[in-house]
Amino acid sequence: MTGRVIMLVDFDYFFAQVEETRNPSIRDKPVVVCVYSGRSEDSGAVSTANYIARKLGVKSGMPIALAKAKLQNVEAVFLPVDNVFYEEVSERIMALLRNSADNFEQVGIDEAYLEVSQKTKGSFESVAELAQKVKAEVKAKHNLTCSIGVGPNKLVAKIAADIQKPDGLTIIKPEQVTVVLFPLPVDRLIGVGTKTKAKMQALRINTIGDLAKYDAQRLIEVFGKNLGLYFHNASLGIDDEPVRERGEAESISRISTLKEDTRDLSAILEKVDGLCEEIHADLLRSGHSFRTVGISAVMKDMSIRSRSRSFENRSSKLEVLKEAVKELFEKLLSESDLEVRRAGVKVSGLAKDEKSQRQLTSFIE
DNA sequence: GTATGCTTTCGGC
DNA sequence: TTACGGCCGAAAGCATAC
């Protein structure tokens with residue numbers, strides 16, 4: 001029994017690259033793909049930018065006006081996001097990638113894990129060739145570059161893919177795993193966020209190597225059995241998570257920027273009722289009901305608040321959703337005295353409702 | 001002491 | 001000088017159960 005061979009394929013600066021492919025004449029300029037909020041000419045944020053723009057200081061999440069300031073001396077291209085189109089392109093590329101894998105797992109719109117243990121007969125010697133073939137195919141059929149990381153599991157493949165991009169290929173053989181991982185900062189591991197990083201720093205754990213040589217029993221005492229064990233294994237590049245197709249999303253949410261900052265409940269509801277209707281339409285389409293309703297608000301000072309409630313009995317009714325959303329915004333307003341800038345709605349705890357459950361069951365039978 | 005489940009916040013893309 | 005989206009899952013924090 002040989003080990004697994006896993007690739008992580010990550011499309012480079014995806015939205016902006018798709019725009020370059022759609023209109024090659026912009027390729028040699030900074031390209032900035034933006035979400036315009038509609039509040040004023042340039043209000044909104046940068047979704048992603050090509051590497052020419054990045055080199056000039058443009059970053060994801062940055063205000064559009066700031067990106068324009070950084071590019072004021074060059075001929076740059078600013079485009080609105082076209083999610084429907086990116087979704088279509090993504091679906092076609094994912095279908096192509098699926099063909100090159102024994103097992104396949106899409107992660108978000110621009111990433112996928114390909115288990116290629118059988119295709120490569122478990123050999124890291126032949127995987128470079130296969131990875132090059134995947135890159136060439138994506139390039140030939142979709143005129144898009146991607147970066148690929150290869151390792152003996154998902155954890156290592158993910159870290160590998162980040163090492164060289166864009167248009168990169170990084171292969172970490174099983175015997176190289178610890179040498180490559182140990183010098184990296186601990187927060188490169190999934191599961192280590194700001195708080196955990198700080199907690200680890202207090203224990204003098206800064207790199208993955210520090211984590212690996214830390215006593216496993218002590219880790220369990222500090223972080224609990226589950227997390228402690230996970231951190232210990234992850235530091236050694238050990239990960240048994242299978243590569244498998246993901247189910248449907250666990251939550252559906254919509255958020256929108258208000259015309260102006262306000263604390264007026266009816267003005268907020270006017271906007272969020274529409275969001276509820278969109279979410280409800282999605283639920284009908286997918287045949288899901290929800291158990292939890294949540295709202296979120298970005299306040300005048302850009303701080304974020306959220307409230308949520310779960311129901312004993314699940315529902316897929318629009319009125320239930322709207323009523324809960326109203327109640328939650330009342331609560332949020334009563335607990336803060338800032339004006340609201342953006343307002344959002346989320347449903348989670350999703351499950352197929354009975355009707356489509358029966359249809360699904362009879363379909364399987 | 002650890003697991004579990006819920007709510008809220010964080011962070012990547 | 002300032003400037004500020006939308007969506008998702010992960011992380012964190014807390015209460016309660018075991």
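To be clear, the structure that these remarks concern was listed above.
As the structure is a prediction and not an experimental result, all values here were calculated from the model. (Residues numbered from 1 in each chain as written. Chains lettered and ligands numbered in written order. Predicted model: local features only at pLDDT ≥ 70, side-chain atom pairs only at ≥ 80, totals over all residues. Heavy atoms only, no water.)

**A look at the nonpolar core**
The biggest cluster of nonpolar side chains holds 34 residues, and the ones touching the most others in it are Met-7, Val-9, Phe-11, Phe-14, Leu-97, Leu-114 and Ile-148. Those elements that provide at least two residues to this core are strand 1 (6-11), helix 1 (14-22), strand 2 (31-36), helix 4 (83-99), strand 6 (111-115), helix 5 (127-142) and strand 7 (146-151). Ranked by residue count, the leading element in this core is helix 4, at six residues. Here this core spans two domains, and each of domain 1 (6-14 + 84-177) and domain 2 (15-81) adds at least three residues to it. (Core = buried A, V, L, I, M, F, W, Y, C linked by side-chain atoms within 4.5 Å. Buried < 20%, exposed > 50% of the residue type's maximum accessible area, 1.4 Å probe, protein only. Helix = DSSP H or I, 4+ residues; strand = E, 2+ residues; numbered from the N terminus. Domains from an automatic or database assignment.)

**Considering the protein's contact with DNA strand C**
Taken together, 31 residues surround DNA strand C, and among them Gly-191, Thr-196, Ser-253, Ile-255 and Arg-342 come closest. Near the protein, within 4 Å, the atoms of DNA strand C are sugar or phosphate in 72% of cases. In the model, a phosphate oxygen of DNA strand C is placed 2.9 Å from a nitrogen or oxygen of the Thr-257 side chain. One of the side-chain nitrogen or oxygen atoms of Arg-341 is found 2.8 Å away from a phosphate oxygen of DNA strand C. When residues of the surface near DNA strand C are traced back to their parent elements, those giving at least two are strand 3 (44-49), helix 3 (64-70), helix 8 (194-202), strand 9 (251-262) and strand 12 (340-348). Element by element, the count of residues in the surface near DNA strand C is highest for strand 9, at seven residues. When its residues are assigned to classes, the surface near DNA strand C shows 13 nonpolar, 13 polar and five charged. (Near = heavy atom within 4 Å. Polar contact = N/O pair within 3.5 Å; in protein donor to acceptor, adjacent residues only side chain to side chain. Nonpolar A, V, L, I, M, F, W, Y, C, P; charged D, E, K, R; others polar.)

Read these as layout, nothing more, since geometry by itself doesn't imply function.
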